[in-house]
Amino acid sequence: MLIKRPRPGDSARIAPSEITAEDVYFNRRKLLKAALALGAVGSVATSTASERATLRYTRNERYSTDEDLTSFEDVTTYNNFYEFGSGKGDPAARSHRFKPEPWSVTISGHANVTGTFALEDLLKPHALEERIYRLRCVEAWSMVIPWIGIPLGTVLRRFEPTSKAKYVAFKTVHRPEEMPGQRGRVLPWPYVEGLRIDEAMHPLTLLAVGLYGKPLLNQNGAPLRLVVPWKYGFKSIKSIVEIRFTERQPPTSWHLAAPHEYGFYANVNPNVDHPRWSQARERRIGGGLFDSRRPTLMFNGYEKEVASLYAGMDLRRFY
Ligand code: MTE
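Residues numbered from 1 in each chain as written. Predicted model: local features only at pLDDT ≥ 70, side-chain atom pairs only at ≥ 80, totals over all residues. Heavy atoms only, no water.

**A few points about the overall build of the protein**
- Within the protein one finds nine helices and 13 strands.
- Within the protein, buried positions represent 57% of all 319 residues.
- When the accessible surface of the protein is totalled, it reaches about 14500 Å², and 53% of it is carbon and sulfur. (Helix = DSSP H or I, 4+ residues; strand = E, 2+ residues; numbered from the N terminus. Buried < 20%, exposed > 50% of the residue type's maximum accessible area, 1.4 Å probe, protein only. Areas by Shrake-Rupley, 256 points an atom, 1.4 Å probe, with all protein chains shown as cover.)

Put into structure tokens, the structure is as follows:
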């Protein structure tokens, strides 16, 4: 992806006061209130590596494909995770110091239940499922990945978003000491993304904790990431520490970096080219010579499920 240096003083940059502190402040009173509302029982759980190593899940056949899966090797060594560098091999090679546990997520903004929650408490009430999705990067390559996670909407509803919650904003952790890419300025840190509330609540939108039957590796966004299969991969934000219900459309990292090249919506669309390359075709990673330029499908092949979200919208304008 093109890197355009954000200008100093760019008003769209995140104010330091908005950045989540590394040692996330834990508000017990809020947690208790939320725990009651969420039906969570008992004290704050802490997970160990071995707990994270075993994921119990069931395959959801509704979300599958007969396409060949991209190999585990490719899925975990050909990555975009600029917090670890901008080379495809950097996230696997340079993320060994990153600590995905313990982990907590702050839920804030327009919702009746807010607070900071241990990841285990966030996930506890939900059954994990496996879904096989295509992932189409804006750079015109793609993969087929068996994710493990929970529909995001199921999780968000527990926090009772109010009628003012028109959008959902997501933030990646900011830890320059563990994420060498954050010591440079290729993007404004922390990485932020957002969805309209109906996109966030759509049954296809997944909050993923694993892939190929295992917990997410650091390079894939451990311990918690988004997967929005009908949008370009950059919407699928990794290593999430904050989810905020907002009234206004939130800023998003790639749009901040290059507004004319990367939009807020970022729906996969073979008819709307990137300013510098065609989006009509894609290269399936590991797909071999004959598979190297397959046609890109509208909404990445999920048109039947999601087209109604954009009825009447000019998809060239809202790119
Ligand atoms: N999330 C964060 N925090 N930082 C990133 O650089 N890259 C995005 C997305 N999520 C990115 C991110 C892009 S461009 C893509 S294509 C996908 O992650 C890649 O996911 P994968 O490496 O697991 O295939």
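Having seen the structure, we can now continue with the description.
**Topic: the site of the ligand**
- Near the ligand you find 17 residues, and of these Asn79, Tyr82, Glu83, Arg225 and Lys238 are the closest.
- Within the side chain of Asn220, a nitrogen or oxygen atom sits 3.0 Å from an oxygen atom of the ligand.
- Here Arg225 contributes a side-chain N or O atom positioned 2.7 Å from an oxygen atom of the ligand.
- Bound to the protein, the ligand loses 100% of the 540 Å² it would expose on its own.
- Grouping the amino acids of the shell around the ligand by side-chain chemistry returns eight nonpolar, six polar and three charged. (Near = heavy atom within 4 Å. Polar contact = N/O pair within 3.5 Å; in protein donor to acceptor, adjacent residues only side chain to side chain. Nonpolar A, V, L, I, M, F, W, Y, C, P; charged D, E, K, R; others polar.)

**Here we look at the sheet that holds strand β2 (residues 104-109)**
- If you walk across this open sheet you meet the five strands as β3-β2-β11-β6-β7, and the pairing is mixed. One side of each edge strand has no neighbouring strand; the edge strands of this open sheet are β3 (115-118) and β7 (192-196). Adjacent strand axes in the sheet meet at a mean angle of 20°, parallel and antiparallel pairs treated alike.
- Of the pairings in the sheet, the one linking β2 to β3 comprises four bridges and is antiparallel in character. What sits directly across from Val105, in β3, is Phe117. (Pairing = 2+ DSSP bridges. Axes fitted to C-alpha atoms, helices over the stretch in contact; angles between N-to-C directions.)

**A short note on the side chain of Asn79**
- Here Asn79 lies in the loop between α3 (72-77) and α4 (90-94).
- Looking at Asn79, the relative accessible area reads 4%, which means it is buried.
- A polar contact of 3.0 Å, which involves the side chain of Asn79, links it to the backbone oxygen of Val75.

**Comments concerning the packing of aromatic side chains**
- Per the stated rule, a full pass over the model turns up 16 aromatic pairs.
- Their ring planes at 75° and their centres at 5.9 Å tell us that Phe84 and Phe98 sit as a pair that is edge-to-face. With a gap of 14 residues between them, Phe84 in the loop between α3 and α4 and Phe98 in the loop between α4 and β2 connect regions that are remote in the sequence. Of the two residues, Phe84 and Phe98, neither departs from the other in class, the shared state being buried.
- Geometrically, the ring pair formed by Tyr265 and Tyr310 is edge-to-face, given 6.1 Å between the ring centres and 90° between the ring planes. Taken as a pair, Tyr265 in the loop between α8 (253-257) and β12 (281-284) and Tyr310 in the segment after α9 (303-306) lie far apart in primary sequence, 45 residues in all. Tyr310 shares its class with Tyr265; the two are buried.
- Clustering of aromatic rings is evident, with ring pairs tying together Tyr167, Phe264, Tyr265, Phe299, Tyr310 and Phe318.
- Here the basic side chain of Arg131 rests over the ring of Tyr63, its NZ or CZ set 3.9 Å away from the ring centre.
- The lysine or arginine in question, Lys235, covers the ring of Phe264, its NZ or CZ lying 4.2 Å from the ring centre. (Phe/Tyr/Trp six-rings, centres within 6.5 Å; stacked < 30°, edge-to-face > 60°. Lys NZ or Arg CZ within 6 Å of the ring centre and 35° of its normal.)

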